[in-house]
Amino acid sequence: MSNRMNNLLEDLKWRGLLAQTTDEKALAEALKKPITLYVGFDPTAPSIHVGNLVVLFVLRRFQLAGHNPLPLVGGATGLVGDPSGKNEERTLNTTDVVAQWVDRIKTQLSKFMDFESKTNPAVMVNNLDWTAPMSAIEFLRDIGKHFSVNQMLNKDSVSTRLEKDGISYTEFSYQVLQSMDYLELYRRYNCTLQIGGSDQWGNITAGLDLIRRVEAGSAHALTVPLLTKADGTKFGKTAGGSVWLDPEMTSPYAFFQYWLNSDDKDVINFLKVFSFKTRQEIEALEKTHSENPGAREAHRELARELTTLVHSADISARVEVAAKALFGQADLAELDEQTLASALAELPRTQVKNGDEIPTWVDLLAATGVVDSKSAARRIVKEGGAYLNNEKISGEDFRLEKSHFLCGKYAVLRKGKRDLAAVELI
RNA sequence: GGCGGGUUGCCCGAGCGGCCAAUGGGAGGGGACUGUAAAUCCCCCGGCUCUGCCUUCGAAGGUUCAAAUCCUUCACCCGCCA
């Protein structure tokens, strides 16, 4: 076990996951024995997204190395709003909504941690538990007194906002709340390490100061770099927005595709960050990839591992089969109904009643939602980007006929190269 | 509370009475080339019952033949003063 622990920081470095730490030597020393550490996730949406996975995976790596992870859901901080990395004030969500999101996010986080471990089980915590019962007077006297406004103003998250559109007292207070969390976890669990994205540095070190002042204790901070892509665009975003873990928000099919379509220049880096493969395994994939990038073995492995972890092995296999069939490696007409049905299961769809008049090509495209409006559908058809069962169709007024429905039931619509939808005859 | 500046399409940002669905950039989409990659080139990018019509320039009223552009009130943001 101590060997795993010794290697942890080295491994994180190799994966490009270390941005800043407080006193790395002292941290390395501390990590020789199991410690307790935490990462916070604020409920700012009904689901976490792939961007959140970076640091969540780091937390899991610590657990695998024998440390005690505390995934924290920000039931309290989510009500306030972190100014870090945001250049404008957010609108507050209602307490009901945030409470719902807390529950959903807890469920998601649970998938990535081992709560049953005999030696170092994860413990889920929610900062609302210790924040809600506190009175304003207590907060100001016991916590607020330890903060210097001068220092608070100097934090990046605050000063950039002061230069731009300003900041409310609510968001200004965020760092105090987060510091309080660290102090509380230090007291309850002897938690001595907080990790987070690099934009969290200011909030984390504020917590270290608080622990030192109140408990004369010493603790550590470790931040993970912001993940960047080779082409400079934001990681984890697609045309439709963020890539979420919730299958209702991002279908497993789309999730798998997101990874499969990674830029060649990014794929090895993504494997380092988002897989639990060993260094040897990743280096082997790197070799395979550079020898034959067109085969995209590394991409496939990445997509499989993540989809399996986030959804399931079964779903991962299903969407991969679906992708193969739908991308023309197989003749759609030759698929049996079972395969076709499962291939189409994860796609957006529309239904047509058997016997009713079948809508025009443009109407169908719009109805499935692969395009936003009929105007958009017309545009796509005009530009030659609309396909039926893998064949280009160019007439706006074209209508499907019974014979177009494979197995008498399904028609596969496609916009562009990879945006698919299904029409089901019922 | 006072004075000044601001609010334009997904984002940034021009326009400052008709030639404006509104310049430009970014993001996004389609095509060609490829490997469901990148780069490159071409095209598109409010909606619809689509050679025309409808709805948009913070909100509501008003002036005008005609308003994103002028006037009034309101809301929000920023700055300075109290």
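Definitions and limits used
Residues numbered from 1 in each chain as written. Chains lettered and ligands numbered in written order. Predicted model: local features only at pLDDT ≥ 70, side-chain atom pairs only at ≥ 80, totals over all residues. Heavy atoms only, no water. 1 Å grid on protein atoms, 1.4 Å probe; cavity = no way out; pocket = protein on both sides within 12 Å on 5 of 7 lines; lining within 4 Å. Points joined across faces, edges and corners; volume = space filled by probe spheres on them. Helix = DSSP H or I, 4+ residues; strand = E, 2+ residues; numbered from the N terminus. Domains from an automatic or database assignment. Contact = heavy atoms within 4.5 Å. Buried area = accessible area lost by both parts, 1.4 Å probe. Polar contact = N/O pair within 3.5 Å; in protein donor to acceptor, adjacent residues only side chain to side chain. Nonpolar A, V, L, I, M, F, W, Y, C, P; charged D, E, K, R; others polar. Phe/Tyr/Trp six-rings, centres within 6.5 Å; stacked < 30°, edge-to-face > 60°. Buried < 20%, exposed > 50% of the residue type's maximum accessible area, 1.4 Å probe, protein only. Lys NZ or Arg CZ within 6 Å of the ring centre and 35° of its normal. Near = heavy atom within 4 Å.

In the structure shown here, the tally under the stated rule is one cavity of 30 Å³ or more. Size it by volume and the largest cavity reaches roughly 70 Å³. Looking at the lining of the largest cavity, the elements that each hand over two or more residues are α8 (149-154) and α12 (201-215). When residues of the lining of the largest cavity are assigned to their parent elements, the largest contribution, four residues, is made by α12.

Attention now goes to the domain arrangement of chain A. How big an interface is tends to be stated in terms of accessible area lost as the parts join. Each assigned domain of chain A is listed here: domain 1 (2-224), domain 2 (237-311) and domain 3 (346-425). Of note, the centres of domain 2 and domain 3, computed from C-alpha atoms alone, are 29 Å apart. Each side of the interface is counted separately: domain 2 has four residues, and domain 3 has four residues. Buried surface at the junction of domain 2 and domain 3, both sides included, amounts to about 350 Å², of which 59% is carbon and sulfur. Contact with domain 3 buries surface across domain 2, with P252, Y253 and N261 losing the most and accounting together for 85% of the total. Connecting domain 2 to domain 3 are zero residue pairs in polar contact (both at pLDDT 80 or more). Taken together, the residues of the side of domain 2 that touches domain 3 sort by class into two nonpolar, two polar and no charged.

Turning our eyes to something else, we now look at the packing of aromatic side chains. This structure, assessed with the given rule, holds ten aromatic pairs. Ring centres of F57 and F112 lie 5.9 Å apart, and the angle between their planes is 45°; on these two criteria the pair is classed as tilted. Of this pair, F57 sits in helix α3 (residues 50-64) while F112 is found in the loop between α5 (95-110) and β4 (125-126), placing the two residues 55 residues apart along the sequence. When its relative accessible area of 1% is taken as the criterion, F57 is described as buried. With relative accessibility at 5%, the residue F112 sits in the buried group. Taking the centre distance of 6.1 Å and the plane angle of 70° together, the rings of F255 and W259 count as edge-to-face. You can see F255 and its partner W259 sitting in helix α13 (residues 252-260), four residues apart, about one turn around the helix. Residue classification places F255 among the buried residues on the basis of a relative accessible area of 0%. What makes W259 buried here is its relative accessible area of 0%. Chaining the aromatic ring pairs together yields one cluster made of F57, F112, F255, Y258, W259, F270, F274 and F276. For the cation-ring pair, K272 lies above W14, with the distance from its terminal atom to the ring centre recorded as 4.9 Å.

With that out of the way, let us pick up the protein's contact with RNA strand B. Q257, N261, S375, R378 and K417 are the nearest of the 29 residues found near RNA strand B. The share of sugar and phosphate among atoms of RNA strand B within 4 Å of the protein is 62%. The backbone of E383 places a nitrogen or oxygen atom 3.1 Å from a sugar or linking oxygen of RNA strand B. The side chain of Y387 places a nitrogen or oxygen atom 2.9 Å from a phosphate oxygen of RNA strand B. Listed by contribution, the elements that provide at least two residues to the surface near RNA strand B are α13, α14 (264-274), α17 (313-329) and α20 (374-382). With five residues, α20 is the largest single contributor of residues to the surface near RNA strand B. Partitioned by chemical class, the residues of the surface near RNA strand B number seven nonpolar, ten polar and twelve charged.

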